[in-house]
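# What the coordinates show
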Amino acid sequence: MDSQGSGILMGKPRRKQPDTIEDLLAPDRVWVTPCGCWLWLGGDDGYGDAFGLGAYGRILRPGTRTVEPVHRYVFRTFKGPIPEGYDVDHMCAKWAPDPRVVRKCVNLDHLQAIPPLLNQQLKLFRRKGWGTFDLNFDNEGDPREMPPVPSPILAPGERENEICL
């Protein structure tokens, strides 16, 4: 029997979802890494390897019994709504030695909402081992000079003004 005398033994009460940054940064919720990532220590989706690499962190949606990725919850709670159809990308994957680890990162400065097509392209870059830190998606970049047009190869005795293209 429990202390209330009801005969039902209850476990410890479930913690509520973090609604402030201080709640999110509790030592039993996240681990702050030297590179600035806040790695989620709670549950994950179970799709990682034996060491938990590659699994996305999960959290219960407030007031429901369904789960959602913790990085989407943190983005929506602390940064604002995610545009319809957009993905939340971990920008820290571009400097991490292993991009799978940062799937549990919930640092607000490392999360951005991007279109799904760009997210897929960045994922392919990272799988190939390319860091995207040197790719600048914000502006058009430096204008390139066109290479000089090579002069045509002429047959012996042929003049350039006789060539019809």
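Note that this is a predicted model, so its numbers are computed, not measured.

## Overview of the overall build of the protein chain
When helices and strands are counted, the protein chain shows three helices and six strands. For the protein chain, the α and β elements follow one another from N to C terminus as α-β-β-β-β-α-β-β-α. Carbon and sulfur atoms make up 56% of the accessible area of the protein chain, which amounts to about 12,300 Å² in all.

## As for the environment of Asp-89
By the element assignment, Asp-89 lies in strand E5 (residues 87-90). Each C-alpha atom, one on Asp-89 and one on His-110, is 8.1 Å from the other, the two residues being 21 residues apart in sequence.

## Remarks on helix H3 (residues 116-127)
The terminal C-alpha atoms of H3 lie 16 Å apart, and with twelve residues this matches the ideal 16 Å at 1.5 Å per residue to within 8%. For H3, the set of buried residues is Asn-119, Leu-122 and Arg-126. Viewed end-on, H3 has its buried residues packed into an arc of 65°, placing them on one side of the element. Facing away from the buried side of H3 by more than 90 degrees, the exposed set consists of Leu-117, Leu-124 and Arg-127. Residues of H3 that are buried sit in contact with E5 and strand E6 (111-114).

## Observations regarding the side chain of Asn-119
Within the secondary structure, Asn-119 sits in helix H3. A distance of 3.1 Å separates a polar atom in the side chain of Asn-119 from a polar atom in the side chain of Asp-87. In this structure, Asn-119 is in contact with Asp-87, Asp-89 and Ile-114, ignoring residues within four places of it in sequence.

## Some thoughts on helix H2 (residues 70-78)
Within the span of H2, buried status applies to Val-70, His-71, Tyr-73, Val-74 and Phe-75. After H2 finishes, the residue Gly-80 shows a positive phi value of roughly 135°.

## A few points about the nonpolar core
With 14 residues, the main nonpolar core has Leu-24, Trp-40, Val-70, Val-74 and Val-106 as its most contacted residues. For this core, the secondary structure elements donating two or more residues are strand E2 (38-40) and H2. Of the residues forming this core, the biggest block, four residues, is contributed by H2. Sequence-distant contacts of Leu-24, defined by excluding residues within four places in its chain, comprise Pro-18, Arg-29, Val-30, Trp-38, Trp-40, Val-74, Phe-78 and Val-106. Cys-37, Cys-92, Ala-93 and Cys-105 belong to the second-largest nonpolar core, a separate cluster that totals seven residues.

Cut-offs and rules
- Residues numbered from 1 in each chain as written.
- Predicted model: local features only at pLDDT ≥ 70, side-chain atom pairs only at ≥ 80, totals over all residues.
- Heavy atoms only, no water.
- Helix = DSSP H or I, 4+ residues; strand = E, 2+ residues; numbered from the N terminus.
- Areas by Shrake-Rupley, 256 points an atom, 1.4 Å probe, with all protein chains shown as cover.
- Expected span 1.5 Å × (residues − 1).
- Buried < 20%, exposed > 50% of the residue type's maximum accessible area, 1.4 Å probe, protein only.
- Arc of directions from axis to C-beta.
- Contact = heavy atoms within 4.5 Å.
- Polar contact = N/O pair within 3.5 Å; in protein donor to acceptor, adjacent residues only side chain to side chain.
- Core = buried A, V, L, I, M, F, W, Y, C linked by side-chain atoms within 4.5 Å.

Bear in mind that shape data such as this cannot, by itself, settle questions of function.
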